[in-house]
Amino acid sequence: MSGDTCVQTWPCSYYLELEKRWVPGRLSLTSLSLKFMTDKTRETLVSFPLSSIIEIKKEASHFIFSSITILERDHSKHWFSSLQPSRNAVFSVIEHFWRELLLSESGAAAEAASSSMTKGKELTCLMACTQKRLEDTARVLHHQGEQLDGISRGLDKMESDLDVADRLLTELESPSWWPFSSKLWKTPSETKPKWDASMADSKAFGKEGIVIQVPAVISQRTESHVKPGRLTVLVSGLEIYNSDSLLMHRFEREDVDDIKVHTPYEISICQRFIGKPDISYRLISAKMPEVIPILEVQFSKKIELLEVAMMLGSTRTSSLAEKGYSVWHADPEEAQRSCVRHRDR
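Residues numbered from 1 in each chain as written. Predicted model: local features only at pLDDT ≥ 70, side-chain atom pairs only at ≥ 80, totals over all residues. Heavy atoms only, no water.

The name that an unreviewed UniProt entry assigns to the protein chain is Synaptosomal-associated protein 47, with the source organism given as Bos taurus. Under the Sequence similarities (unreviewed entry) heading, UniProt states for the protein chain: "Belongs to the SVAP1 family." (UniProt positions renumbered as here; feature names shortened; annotations may be inferred.)

This is the structure we're talking about:
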């Protein structure tokens, strides 16, 4: 777990069963583990991999209300309460990463993946990561090329239409007895653009082609109200759906004003307006490292890496191939401190 990247940290309290008391501190989530650190001594009281969890529940008791309980395979039960910004927000994010780990291809081997890898495995992961990014980039460039082809065909048709209009105006201006007026109607067959069918195909496939879609935890305006859903990246824009596959919002490509990368697993998308509220969504996903390189290609002038993401991105290595490893690695203690500073702002 030492090489894992901090995803989120939340102020909360942890219940010490032996001492029968609550200890204030911070709960830290990474893509592979959970850890609780006290505020007073900065001591790590509990740390365990997500792969060891068998149950996550919202519970209440006569000791405290609005708690989250986590049960491990060895039947160790952990109680967390006083969660900020809200219990539902923290529960949704932890449950999302836990489920994605279980559903991932490497979920069954998560414990083995958390241990040190050989040099050969690291190189294999790096090669697979590079291949994945190249494939995603090629797919985006292919769709963009089709769009440019469609624009070119549209310009050709506009030029042809202007040529026909010019001929019609010339004929109208010519006297009725002019013997060559009928020749103005003759258009060479090669000047007729055969664009309709191919343009329609390009529009149907290129504009609305899905590049990638990933499950995500979505919040709008306030971080305390979150809901599960998914993010779909299209060549023509971005779509956000709720858990019932109902469209919450569609960002056309030209409507997106900025995309901020807070961490390798968290982004925010904003469309600004004058005279009315902006439309902004914040998304957290275990598969966000697969989406960010695609967004960097599509929105290169609108995407911004914030402090934590830049720090982690400077030492980016491997792991799109193996979900057990973060895409952007950093010193774990420094990543933890940076994530805490980011959340305190």
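What follows is about the sheet that holds strand β10 (residues 237–242). If you walk across this open sheet you meet the eight strands as β11-β10-β9-β8-β14-β13-β12-β15, and the pairing is mixed. Two strands close off the open sheet at either side, each with one partner strand: β11 (247–252) and β15 (303–305). Neighbour-to-neighbour, the strand axes of the sheet open up by a mean angle of 30°, direction not taken into account. In this sheet, β11 lies alongside β10 in antiparallel orientation, the contact comprising five bridges. (Pairing = 2+ DSSP bridges. Helix = DSSP H or I, 4+ residues; strand = E, 2+ residues; numbered from the N terminus. Axes fitted to C-alpha atoms, helices over the stretch in contact; angles between N-to-C directions.)

The next thing to look at is helix α1 (residues 87–103). Note: α-helices contain 3.6 residues per turn, so residues at a spacing of three or four share the same orientation. For α1, spanning 17 residues, the distance from its first C-alpha to its last is 24 Å, which sits close to the expected 24 Å at 1.5 Å a residue. The set of residues buried in α1 consists of A89, V90, F91, S92, V93, I94, H96, F97, W98, E100 and L101. (Expected span 1.5 Å × (residues − 1). Buried < 20%, exposed > 50% of the residue type's maximum accessible area, 1.4 Å probe, protein only.)

This part takes up the UniProt feature "domain: T-SNARE coiled-coil homology" (unreviewed entry) in the protein chain. According to UniProt, the feature "domain: T-SNARE coiled-coil homology" (unreviewed entry) maps to residues 136–172 in the numbering used here. As annotated, residues 136–172 comprises 100% helix and 0% strand, and the C-alpha atoms at either end are separated by 54 Å.

Strand β1 (residues 6–16) sits mainly inside the fold: ten of its eleven residues count as buried. Alignment of β1 against strand β2 (residues 21–30), held across ten bridges, turns out to be antiparallel. Looking across to β2, one finds that Y15 is bridged to W22. Pairing analysis gives two bridges linking β1 to strand β7 (residues 77–81), with the strands arranged antiparallel. Within β7, the residue paired with Y14 across the bridge is F80.

When we look at a pair of aromatic rings, we describe it by the centre distance and by the angle of the planes. Under the defined criterion, the tally for this structure stands at six aromatic pairs. Between F36 and F80, the aromatic rings sit 6.3 Å apart at their centres with planes inclined by 50°, giving tilted as the arrangement. Within this pair, whereas F36 is found in strand β3 (residues 33–38), its partner F80 is found in strand β7, the two being separated by 44 residues in sequence. Accessibility classification places F36 together with F80 in one group, the buried group. Plain terms: the ring middles of F97 and Y265 are 5.6 Å apart, the flat faces sit at 70° to each other, and that makes the pair edge-to-face. Here the residue F97 occupies a position in helix α1, and Y265 occupies one in the loop between β12 (258–263) and β13 (266–271), the gap between them amounting to 168 residues. A relative accessible area of 3% places Y265 in the buried class. Lying over the aromatic face of Y241, R230 brings its terminal NZ or CZ to 4.1 Å of the ring centre. Over the face of the ring belonging to F273 we find K276, whose NZ or CZ atom lies 4.4 Å from the ring centre. (Phe/Tyr/Trp six-rings, centres within 6.5 Å; stacked < 30°, edge-to-face > 60°. Lys NZ or Arg CZ within 6 Å of the ring centre and 35° of its normal.)

Attention shifts here to a nonpolar patch on the surface. There is a patch of nonpolar side chains on the surface, built from L148, I151, L155 and M158 and spanning about 430 Å² of accessible area. Turning to its location among the elements, I151 is positioned in helix α3 (residues 119–173). (Patch = residues over 30% accessible without salt bridge, like charges linked within 9 Å, V, L, I, M, F, W, Y side chains within 5 Å. Areas by Shrake-Rupley, 256 points an atom, 1.4 Å probe, with all protein chains shown as cover. Salt bridge = Lys/Arg side-chain N within 4 Å of Asp/Glu carboxyl O.)

Read across the sheet, seven strands follow the order β4-β3-β2-β1-β7-β6-β5 without closing on themselves; strand pairing throughout is antiparallel. The two strands at the open ends of the sheet, each matched to only one other strand, are β4 (44–49) and β5 (53–59). Between one strand axis and the next, the sheet turns by 30° as a mean value, whatever way the strands run. Lying over the sheet, α1 contacts β1, β2, β3, β5 and β6 (67–72), oriented at roughly 165° with respect to β5. (Contact = heavy atoms within 4.5 Å.)

We now examine unusual backbone geometry. The omega torsion of the bond from Q84 to P85 falls at 10°, within 30 degrees of zero and hence cis. Topologically, P85 is positioned in the loop between β7 and α1. The phi torsion at H75 lies on the positive side, around 70°, for a residue other than glycine. Residue classification places H75 among the exposed residues on the basis of a relative accessible area of 64%. One non-glycine residue, S245, adopts positive backbone phi at about 65°. Inspection of the secondary structure assignment puts S245 in the loop between β10 and β11. Taking relative accessible area as the criterion, S245 reaches 43% and is therefore assigned partly exposed.

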